[in-house]
Amino acid sequence: MDRLDQFLIPVPIDWHLHLRDGKAMQDVLRASVGDFGGAMVMPNLVPPVTSVEKAMKYQKEILEALPPLSTFTPYMTLYLT
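The shown structure was predicted, so the numbers you read here are calculated from the model rather than taken from an experiment.

## Observations regarding helix α1 (residues 22-33)
1) Next: A rise of 1.5 Å per residue sets the reference length of α1, with its 12 residues, at 16 Å; its end C-alpha atoms lie 16 Å apart and thus fit the reference within 8%.
2) Next: All buried positions along α1 are accounted for by Met25, Leu29 and Ser32. Along the axis of α1, the buried residues cluster in a sector spanning 65°; they form a single face. Set apart from the buried face of α1 by more than 90 degrees, the exposed residues are Lys23, Arg30 and Ala31.
3) Next: Looking at the packing, one finds that the buried side of α1 touches β1 (13-19) and α2 (52-65).

## Some points on the environment of proline 47
1) Next: Residue placement: proline 47 occurs in the loop between β2 (38-43) and α2.
2) Next: Measuring from C-alpha to C-alpha, the distance between proline 47 and aspartate 5 comes to 46 Å, with 42 residues separating the pair along the chain.

## Points about the pairing of β1
A regular strand carries its side chains on alternate faces of the sheet.
1) Next: As paired strands, β1 and β2 are joined by five bridges and run parallel to one another. Residue pairing across strands places histidine 18 opposite methionine 42, the latter belonging to β2.
2) Next: Following the chain from β1 across α1 to the adjacent parallel β2, one finds a crossover that is right-handed.

## A look at unusual backbone geometry
For residues besides glycine, phi is generally negative; the peptide bonds are generally trans as well.
1) Next: Here valine 46 and proline 47 are connected by a cis peptide whose omega angle stands at 0°.
2) Next: With a phi close to 70°, leucine 69 is a non-glycine residue in the positive phi region.
3) Next: Along the polypeptide, leucine 69 turns up in the loop between α2 and β3 (73-76).

Rules of the game
Residues numbered from 1 in each chain as written. Predicted model: local features only at pLDDT ≥ 70, side-chain atom pairs only at ≥ 80, totals over all residues. Heavy atoms only, no water. Helix = DSSP H or I, 4+ residues; strand = E, 2+ residues; numbered from the N terminus. Expected span 1.5 Å × (residues − 1). Buried < 20%, exposed > 50% of the residue type's maximum accessible area, 1.4 Å probe, protein only. Arc of directions from axis to C-beta. Contact = heavy atoms within 4.5 Å. Pairing = 2+ DSSP bridges. Right-handed = clockwise from strand over helix to strand, strands pointing away.

Spelled out as structure tokens, the structure:
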């Protein structure tokens, strides 16, 4: 790229993706994986994700719900209280 008025985003990241669990999570992931290489996950769960251990468990659930061969990366957040 020689022009200064252009830039390339090879794989965009969704910086605010709300996921739930179960079928709702799978439906949202299916839609997101097609357009994004990853997402900053805002888990809307009850009880909330309030520890690193809970975030890692939820991340594992997300990774298991992804389509085969997906390279989508869920970047995890915590609910601060």
